[in-house]
Amino acid sequence: MLSSPDLSFSRTLPIVVFNQLGVLLEQMAQTVGSTALILTEVVLARICIPVKWQRQRFTLVVSEQFSVLLVGTFEQGSRETEGQGIYSEINAQLTFNLEAIASFVRELRDLFECDSDTHQNLERYQQIIRPNDATLQSQFTLLLLEYLLTQPNQEIIAPPSPIDPAVYICQPVEDALKKQISQERLLNQVTTQIRKSLDLPVIMATAITQVREFLELDRLVIYKFAGSQVNTQSYQSETIPLNQTALATGMELSVREPCEIYFSIHENNGEHSPFVSVNNKTLLEDYQQYGGYIVYEARATDAISSVLNYTEENCFIRTSQCWEKYYQGFTLAVDDVEKTYALEECLLNFLRECQVKAKFAAPIIFEDKLWGLLIAHQCDRPRQWNDGEKNLLVAIAEQLAIAIHQAELMQTLTQEKQNLEQRVIERTIALRDALLAAEAANRLRSEFLATISHELLTPLTYVIGMSSTLLRWPLGELSQRQRGYLQTIHDSGEHLLEMINDILDLSQIEAGKTALNIAEFSLVNVAQNAIESLRKKATSEQINLILDLQIDPKRDRFIGDAERVEKILWNLLTNAIKFTPENGSVTLRLWVEDDTAIFQVEDTGIGIPEEQLPLLFEKFQQLDTPYRRRYEGTGVGLALTKQLVQLHRGRIEVESTVSIGSIFTVWIPTQAVRVVS
């Protein structure tokens, strides 16, 4: 079997033979003593490894007296035995060559982070490799010969009898199918609960309890990273009351090797604190970035210690690499912590104190965010995690991610609802304050208008009356200049009185203090009165004023406020005359449709630009025109007109073209006899 001077060989072996050779190497290491290092491929379970290492099995023994390496590589195209999770054959190499062993240890070392204990221990063991002691080499040779000589005499297990093959063949398949159906049923139960409920604490507590019982786990926990925003609201523990959930701020994410997650509580003078002190340095920033804590825990018995109340602050350092690898979907399966953490003495002691013999961790990820981990512990013995168990735990982690996502959406929705309610309250308060301020301003305006109406109207009445008297003064002759002065005083007073009355009327209407004087009247008389009152003005401006009556004399009678209807026509005609050039024309048309009187004032004036039409009926708005205005105004005439029209439950519209003219149309429905607005 040996094929080289250094007692090395290389050949294809059955996987059973390869495993038995590994057992022989472990027996030899026990002969060497406690100073010998024994490593197998399980030490790689906690890290992400290249593809070529995924197809390798190895047993490595390193000491100063005896070193040996057994390494096997599965063929890339080979297939696993159905349902067994193992390969039937492997390309194996057994070597005692010092350079080959040192090279393998160096490659193995480089897989781990340089600041990890595993990396440092492998580097130390690489330096102690020496030529094998002749006595130990002979012992191993004899042990190997004994194994080879007894191989042919081993009892061969006969294949199942064809008489009753169901006992050997069908029963395992049937058991596997039953277990798979049970797993699917459990997963459906968890999924249904998530769909029916939005209570995240209940979902988590129920799910981990059911999964722990189904898989017969000693302990199953949910680990949440501190950066996760979803609040779990409560913490499930069988040994710590819920009112001690301050652990959430004192629990630290502890990492030594990449992808290794542990947990510990740091206390400051007996009080839980998120400030983790290491060598008198505060690592609050690290905690906020990498911190985490257990939020739920389910245990088989009270004899199993709770990981929520364990304090450990000596072994661990932080690294963000585990976040990245779990974020990429990495799952950690450790069948035996004694073998996996053979080079991590401190971590191994920590796991022993936590009663962890085997563990499996699956990431909880949603919307590209690593929320936490679902971690299973076997506390009484090592456990080989099969594919079914792994798939179930991964599927449960995915369902928990859905539940957390739902909770986050509900939390966001609730927060938005609260913010909206707060904004509504604030806006309501602001509107109430604005309303009170507007009412106060309205009262002040009413008081001001009442005062100003008395203070202005009385002197204006004297000015207009006395100027009119002087113009008719019988004693003595007035010079032309004196008569012109008096006429200017009289006209200006009447113009000012007109503007003040418009402002007062508009204020009264807006305050809701104006009532219509409803009575029956003649539409023709109102239109003629409006035309005749402005005839002299139009003649002086060299404007042709036209009345176009398109009304049946039988429909001349109308019910409304005659005085205010005449005011509407007077304002529209005045505005048309004001903005119509000399030799232009202004036409007032009148007709009746059903129970609605329609007035139309058309002019050949300067027109109104389309972009300024929305401002036409606003208070105190003066539209810019290319013509100099003949009369100054306050901009309340058309605003008052619109208010009077609306007071009659009517409407007013305007059509205008620049340099051609404008058409104002008013619709006023007949009023009920006793209706007061």
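Residues numbered from 1 in each chain as written. Predicted model: local features only at pLDDT ≥ 70, side-chain atom pairs only at ≥ 80, totals over all residues. Heavy atoms only, no water.

Reading across from one edge, E13-E6-E16-E15-E14 is the order of the five strands in this open sheet, with antiparallel pairing throughout. Each edge of the open sheet carries a strand with a single partner, namely strand E13 (292-299) and strand E14 (332-334). The average undirected angle you get between the axes of adjacent strands in this sheet is 15°. Sheet topology places E14 next to strand E15 (residues 358-366); three bridges connect them, and they run antiparallel. Pairing of Ala 333 across the sheet is with Phe 360, part of E15. (Pairing = 2+ DSSP bridges. Helix = DSSP H or I, 4+ residues; strand = E, 2+ residues; numbered from the N terminus. Axes fitted to C-alpha atoms, helices over the stretch in contact; angles between N-to-C directions.)

Moving on to the confidence of the model for the protein chain. For the protein chain, the mean per-residue pLDDT works out to 77, and 77% of the residues sit at or above 70. Confidence, read as mean pLDDT per element, is least for helix H8 (residues 247-250) in the protein chain (29) and greatest for strand E21 (residues 596-603) (94). Across residues 161-168, where pLDDT falls below 50, the model places four contacts with residues more than four positions away in sequence or in other chains. (pLDDT = per-residue confidence, 0-100. Contact = heavy atoms within 4.5 Å.)

What follows covers the packing of aromatic side chains. The relation between two aromatic rings is expressed through the spacing of the ring centres and the mutual angle of the planes. For the coordinates displayed, the defined rule picks out nine aromatic pairs. The interplanar angle of 70° and the centroid separation of 5.6 Å between the aromatic rings of Phe 96 and Phe 140 together place this pair among those described as edge-to-face. Taken as a pair, Phe 96 in the loop between strand E5 (89-95) and helix H3 (98-110) and Phe 140 in helix H5 (residues 134-150) lie far apart in primary sequence, 44 residues in all. Of the residues examined, Phe 140 reaches a relative accessible area of 3% and is grouped as buried. Members of the aromatic cluster, each reached through a chain of ring pairs, are Trp 53, Phe 58 and Phe 104. A cation sits over an aromatic face here: Arg 651 above Trp 667, 3.8 Å from the ring centre. (Phe/Tyr/Trp six-rings, centres within 6.5 Å; stacked < 30°, edge-to-face > 60°. Buried < 20%, exposed > 50% of the residue type's maximum accessible area, 1.4 Å probe, protein only. Lys NZ or Arg CZ within 6 Å of the ring centre and 35° of its normal.)

A few words now on the sheet that holds strand E4 (residues 68-73). Sheet strands pair via backbone hydrogen bonds, and the direction of the pair is either parallel or antiparallel. Across the sheet, five strands lie side by side as E1-E5-E4-E3-E2; this open sheet has antiparallel pairing. On the outer flanks of this sheet lie strand E1 (9-14) and strand E2 (37-40), each paired with one strand and no other. Within the sheet, the average angular offset between the axes of one strand and its neighbour, ignoring direction, is 15°. Where E4 meets E5, five bridges bridge the pair, whose relative direction is antiparallel. Bridge assignment links Gly 72 to a residue of E5, and that residue is Ala 92.

Let us look at the environment of Gln 600. Looking at the element boundaries, Gln 600 is found in strand E21. It is 9.7 Å that separates the C-alpha atoms of Gln 600 and Glu 653, two residues lying 53 residues apart in sequence. What Gln 600 contacts, discounting residues up to four positions off in sequence, is Thr 587, Leu 588, Arg 589, Trp 591, Ile 663, Phe 664 and Thr 665. A polar side-chain atom of Gln 600 sits 3.2 Å from a polar atom in the side chain of Thr 665. (Polar contact = N/O pair within 3.5 Å; in protein donor to acceptor, adjacent residues only side chain to side chain.)

Moving on, we come to the pairing of strand E22 (residues 651-657). Bridge analysis of E22 against strand E23 (residues 661-669) gives seven bridges, and the strand direction is antiparallel. By the bridge assignment for E23, Val 654 is matched with Phe 664. Hairpin connection from E22 to E23: three residues lie between these consecutive antiparallel strands, with Ser 659 at a positive phi of about 70°.

Buried within helix H12 (residues 345-353) are the following residues: Leu 347, Leu 348, Phe 350 and Leu 351. One side of H12 holds all its buried residues, which, seen down the axis, span an arc of 160°. Gln 355 occupies a position one or two residues after H12 and carries a positive phi of about 60°. (Arc of directions from axis to C-beta.)

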